[in-house]
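# Observations on chain architecture
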Amino acid sequence: MNVNTYGSLENARKPRIAIIGAGSSGLAAIKQCLADDLDPMCFEQDTAIGGQWRYVEVDENNSDPHSSMYKSLITNTSRVTTCFSDFPIPNNWPTYLSHKLIQQYLESYAENFDLYPYIHLNTKVIKVSQSSDNRWKVKYQKLQQSNETIITTNIDTDMNEEEFDYVIICTGKDSAGWIPNYNGRDTFGGKQMHSHLYRTPKPFENKRIVVVGVGNSGIEIASELSHFASQVYLCSRDGRMPWIVPRRLLHGRPADHTLKRINSYFPVKIQNYMVESIINKISGQPPPELRPRTSFFSSMCALCSEFPERLDTGTIVLKTNIRELKPNREIELIDGTTLTDIDVVIYATGYSLELPFLENWRQILYGGIDFSKDVQGPDSENWYTAWLYKMIFPPRCQNIAFIGVVRPFGAAFPTSEMQARYITGLIKGEIKSLPSPEEMDKAISSRTDCPRRENSKYPSIRVPIIPYLDCLAKDIGCLPTPIKVWWNFGYKAWKNVLFGVPTAVQYRLFGRQTWAGALEWLDVHNGGKFTTFN
């Protein structure tokens, strides 16, 4: 079979697409493959769909599950911005959703678009390798199931292999927890664990706990534990807070409703000033010694309205980074102070993106560049990087794409969905073929392939969501430019798109596979009276 580079197949048979993972990214990929008349086959090693959003207990039968969900986790993005573009979350659901509701939403999505027949559950991918004709071999193993536990069967007798024209990796990036190699970590007298394995605060009652890392997980876990532990210390690299964003800002609206499309047309400095002014007005500025050193859009932020209060009451104490862990349960910090009688250290220090099933995965994902000298873990500004064109395509490996590697400053579902639309449009020949490998390398190096955060030495996987989605939508043909919206739908639609809630539904107004309900949905959610469910 003749397969064009990242292009359509010159054959009447439907292209076969292997999709690895049935989380939100994998479901979006299956749905888009079906919409573009492709032949998808999805491999999921778990007993159900959902990926990271499927809550799984940590116990002796499942000591290292794929999911990192803890029981109290709530989304950081609101219901209106979280949803896929043509399948809104029900209006009577809460503004911010628990992992249970997100799991329910994903199951409804799969049922509505009839995705289940294409998903092979309890199926572990062992190896993905490319053949000389640029097709892909996928070797996989059917697993036995006992309640919620996966049991690996005999590898020699239960192995299967199939060939595909294209492979889409949708396994996510948050399952291989990364722990810093602090001095004394191997001999520390207390317990150590990664936040990946944290589920509830009950095992930590009356303990003295150190949480390392001030991302969303670190802030939320520390805040929850502070109600149960005897003392919680939170270690950050410089002893300062990240930007703490209340879940509701101006006029009580959800925080992500303030990041409107109109804002993306302003320089980043002005965007920073606008957002920082709103946050400081609503929450008040923290003490000077705790304030973030970096601007809002060039650093991490966390949505946790409770955190400043727990900090003020002393149930959480902010500290600098760790220098050494000692056998007597003492921890020396880089500022010279020492924490004593520490029972547990929880590392909320991010994840390593590892794809052991993909042959030559480091070469494919990182383009052969050695990051080892500069990438020292998530505390390093160079940690979040990958050598992918438009954060999807490896320049020197054909007919493979990645969904969900990117870290958007906003909702993940619309980002994965837009990436899926781009990939299938390319396979079908609806989008102009990708540039040559040399041109893609040059574009990645110069950061001109797509908008990226610019505070790292290497091309960052962290992207501003609206500019990034617009970049992909322009090639797909579904970009809702203000002039185009006004010309086709009038002033009210123009106002809703430019000044309204920045939702993915906007990208179903134009191009292929529009959604008939998009215009009415935008009108209802931007023109009507605000309610607690907006």
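Residues numbered from 1 in each chain as written. Predicted model: local features only at pLDDT ≥ 70, side-chain atom pairs only at ≥ 80, totals over all residues. Heavy atoms only, no water.

Let us look at the overall build of the protein chain. Looking only at helices and strands, one finds 13 helices and 22 strands in the protein chain. Looking at the protein chain as a whole, 55% of its 534 residues are labelled buried. Accessible area for the protein chain stands at about 23,000 Å²; split by element, carbon and sulfur atoms hold 49% of it. (Helix = DSSP H or I, 4+ residues; strand = E, 2+ residues; numbered from the N terminus. Buried < 20%, exposed > 50% of the residue type's maximum accessible area, 1.4 Å probe, protein only. Areas by Shrake-Rupley, 256 points an atom, 1.4 Å probe, with all protein chains shown as cover.)

This part covers helix α3 (residues 99-112). For α3, with 14 residues, the first-to-last C-alpha span of 20 Å sits near the 20 Å given by 1.5 Å per residue. Taken together, the buried positions of α3 are occupied by H99, L101, I102, Q103, Y105, L106, Y109 and A110. Buried residues along α3 sit in contact with α1 (24-35), α2 (79-82) and α8 (412-427). D114 sits one or two positions beyond α3 and adopts a positive phi of about 55°. (Expected span 1.5 Å × (residues − 1). Contact = heavy atoms within 4.5 Å.)

Mapped onto the fold, S195 is located in the loop between β10 (191-194) and β11 (208-212). If we ignore the near neighbours within four places in the chain, the residues touching S195 are S217, I221, I346, Y347, A348 and Y351.

Among the five residues in β11, four count as buried, and that is most of the element. The pairing of β11 with strand β12 (residues 231-235) spans five bridges and is parallel. Note on β12: the bridge partner recorded for V212 is C235. For the crossover that starts at β11, traverses helix α4 (residues 216-225) and ends in the parallel β12, the hand is right-handed. (Pairing = 2+ DSSP bridges. Right-handed = clockwise from strand over helix to strand, strands pointing away.)

We now examine the pattern of salt bridges. Taken as a whole, this structure holds 21 salt bridges when the rule is applied. Between E162 and R16 there is a salt bridge whose closest N-O contact spans 2.9 Å. A residue pair is termed long-range when its members are at least 10 positions apart, and E162 in strand β8 (residues 159-164) and R16 in strand β1 (residues 16-20) qualify at 146 residues. Relative accessible area serves as the criterion here: at 23%, E162 is assigned to the partly exposed category. The residue R247 makes a salt bridge to E220 at a minimum N-O spacing of 3.8 Å. Pair noted here: R247 is in the loop between β13 (243-245) and α5 (268-283) and E220 is in helix α4, with a separation of 27 residues, a long-range link. Through salt bridges with shared partners, a single ionic network connects R13, R135, E163 and D165. (Salt bridge = Lys/Arg side-chain N within 4 Å of Asp/Glu carboxyl O.)

Next up on the list: the packing of α8 against helix α10 (residues 465-476). With their axes 10 Å apart at the nearest point, α8 and α10 run at an angle of 20° to one another. Judged by the inter-axis angle, α8 sits roughly parallel to α10. Pair α8 / α10 crosses with left-handed handedness. Here P414, T415, M418, Q419, R421 and Y422 of α8 come into contact with α10, specifically with I465, Y468, L469, L472, A473, D475 and I476. Looking at the contact of α8 with α10 residue by residue, the classes come out as nine nonpolar, two polar and two charged. (Axes fitted to C-alpha atoms, helices over the stretch in contact; angles between N-to-C directions. Parallel < 35°, antiparallel > 145°, perpendicular 65-115°, else oblique. Left-handed = near helix turned anticlockwise from the far one by under 90°. Nonpolar A, V, L, I, M, F, W, Y, C, P; charged D, E, K, R; others polar.)

Alternating residues of strand β19 (residues 344-347) divide into V344 and I346 and V345 and Y347, and every residue in both groups is buried. Relative to β19, β10 runs parallel, the two being bridged by four bridges. Bridge pairing in β19 places H194 opposite Y347.

Quick look at the sheet that holds β11 now. Taken together, the five strands give an open sheet; going across it, the order is β10-β19-β11-β12-β15, and neighbouring strands pair in parallel fashion. Edge positions in the sheet fall to β10 and β15 (316-319), since each has one partner strand and no second. Direction aside, the axes of adjacent strands within the sheet are offset by 20° on average. Two strands pair when backbone bridges link them, and β11 and β19 are joined in this way by four bridges, in the parallel orientation.

According to the stated counting rule, one finds 20 aromatic pairs in the structure shown. Three or more aromatic residues joined by ring pairs make a cluster, and in this case those are W53, F84, F87, Y105, Y109, F113 and F413. When the ring centre of F113 is taken as origin, the NZ or CZ atom of K31, which lies over that ring, is 4.7 Å away. (Phe/Tyr/Trp six-rings, centres within 6.5 Å; stacked < 30°, edge-to-face > 60°. Lys NZ or Arg CZ within 6 Å of the ring centre and 35° of its normal.)

With that settled, the discussion passes to the packing of α1 against α8. With their axes 9 Å apart at the nearest point, α1 and α8 run at an angle of 35° to one another. Handedness of the crossing formed by α1 with α8: right-handed. Here S24, S25, A28, A29, Q32 and C33 of α1 come into contact with α8, specifically with F413, S416, E417, A420, R421 and T424.

The next point concerns the nonpolar core. One finds I346, L358, M391, F393 and F402 to be the most contacted residues of the largest nonpolar core, which totals 118 residues. Broken down by element, the residue count for this core peaks at eight residues, all from α10. Membership of the second largest hydrophobic core comes to 14 residues, among which are F188, V212, I342 and Y347. (Core = buried A, V, L, I, M, F, W, Y, C linked by side-chain atoms within 4.5 Å.)

The next subject is the sheet that holds strand β16 (residues 322-325). Pairing is antiparallel across the open sheet formed by three strands, whose spatial order is β16-β17-β18. Only two strands of the sheet have a single neighbouring strand rather than two, namely β16 and β18 (338-339). Judged from the three bridges that link them, β16 and strand β17 (residues 331-333) form a sheet pairing that is antiparallel. When the sheet's bridge partners are listed, E324 is paired in β17 with E332.

Further remarks concern the confidence of the model for the protein chain. One rule of thumb: low pLDDT means the predicted coordinates there are not for detailed reading. Across the protein chain, the average pLDDT comes to 87, with 89% of residues at or above 70. Taken as a whole, residues 152-156 scores under 50 in pLDDT and shows nine contacts with residues more than four places along the chain or in a different chain. Note on residues 372-376: pLDDT under 50 across the span, and nine contacts to partners over four residues away in sequence or across chains. (pLDDT = per-residue confidence, 0-100.)

If you check the backbone angles, N360 has positive phi at about 60° while not being a glycine. Its place among the elements puts N360 in the loop between β19 and α7 (361-366). Overall, the relative accessible area of 55% leaves N360 in the exposed class. Of note in the backbone geometry, Q513 takes a positive phi value of approximately 60° without being a glycine.

To continue, consider α10. With twelve residues, α10 should cover 16 Å at 1.5 Å per step; its first-to-last C-alpha distance of 16 Å lies within 8% of that length. A large share of α10 lies buried, amounting to nine of its twelve residues. Among all positions in α10, only I465, I466, Y468, L469, D470, C471, L472, A473 and I476 are buried. On its buried face, α10 sits against β21 (407-409), α8 and β22 (462-464). Looking one or two residues past α10, G477 carries a phi angle of roughly 100°, positive in sign.

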